[in-house]
Amino acid sequence: MPFKHLGAVAMLAAGACLPWAASRADEGERARVVQQVAHAVVRSGDAQGMAFAIVDKTGARLHVYDALGRVQGTAPVLLGLARGDHSVPGIGERRMSEIRPHERTTPAGRFVAEHGRNVQGEDIIWVDYEAAVSMHRVRATNPRERRLERLASPTIADNRISYGCINVLADFYDRVLKPTFRARHAVVYVLPETRPVHEVLGFLD
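Below: a short report on this structure. (Residues numbered from 1 in each chain as written. Predicted model: local features only at pLDDT ≥ 70, side-chain atom pairs only at ≥ 80, totals over all residues. Heavy atoms only, no water.)

**Focus: the overall build of the protein**
Along the backbone of the protein there are five helices and ten strands. Among the 205 residues that make up the protein, the fraction classed as buried is 52%. Taking as baseline every contact in the protein between residues at least 6 positions apart, the subset at least 24 positions apart corresponds to 64%. (Helix = DSSP H or I, 4+ residues; strand = E, 2+ residues; numbered from the N terminus. Buried < 20%, exposed > 50% of the residue type's maximum accessible area, 1.4 Å probe, protein only. Contact = heavy atoms within 4.5 Å.)

Below you can see the structure in the form of structure tokens.
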């Protein structure tokens, strides 16, 4: 995989933040940033020989790589409703009805993901078990939320709807994510939206 635009890594190390709710015009720049993070993962060996994924929250997009850093696929995702890079302490032990809108964040960071099942018995990929954050197939059980329409939309801001979990289309989950993450563990890098990237992913230094 060719890795270009090395200046993006310098930008991240210097403390740059990715723009919140960036326009589609910024798509090329976000793609370069994601590419540089992937390059740094491979170069540093941070994934320790495991497959990995990068979640670009500002672009509402998931990028999946095999253990050698080769792109396996990319797809839009739904993310936590609220802007923020931290989970509220103890949120994973609360009922969903008790979680307020501003607490519905998708935390940023490096996570060792693991296959598991939710209370309905559906297979999912746990990203942050304590915060109850996982990657799973999108559930269109509430028509008012229009989750499938949001994933198909050309905009980015309307991809913020979940309680913090990362929702993907079922086809992408089954065809790309699940087979690439077939080992018990994989690594998920969630890029921040309110903090410099290098503060969250230290290996970029």
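**A look at the pattern of salt bridges**
Taken as a whole and assessed by the stated rule, the structure comprises 18 salt bridges. Measuring nitrogen to oxygen at the nearest pair gives 3.5 Å for the salt bridge that ties Arg30 to Asp56. With Arg30 in helix α2 (residues 27-44) and Asp56 in strand β1 (residues 52-56), this pair connects stretches of sequence that are 26 residues apart. On the accessibility criterion, Arg30 (5% relative accessible area) is buried. Salt-bridge contacts for Glu145 lead to Arg147; the nearest nitrogen and oxygen are separated by 2.8 Å. Looking at Glu145, the relative accessible area reads 18%, which means it is buried. (Salt bridge = Lys/Arg side-chain N within 4 Å of Asp/Glu carboxyl O.)

**Describing the sheet that holds strand β6 (residues 123-128)**
Sheet strands associate in pairs through backbone hydrogen bonding, adopting either a parallel or an antiparallel arrangement. Strand order in the open sheet made by the eight strands is β3-β2-β1-β10-β5-β6-β7-β9, with mixed pairing throughout. Only two strands of the sheet have a single partner each, and these edge strands are β3 (71-76) and β9 (166-168). On average, each strand axis in the sheet is tilted by 25° relative to the strand beside it, whichever way the strands run. Pairing analysis gives three bridges linking β6 to strand β7 (residues 133-137), with the strands arranged antiparallel. Bridge pairing in β7 links Asp128 to Val133. Packed onto the sheet, α2 meets β1, β2 (61-65) and β10 (185-191) and runs at close to 150° relative to β1. (Pairing = 2+ DSSP bridges. Axes fitted to C-alpha atoms, helices over the stretch in contact; angles between N-to-C directions.)

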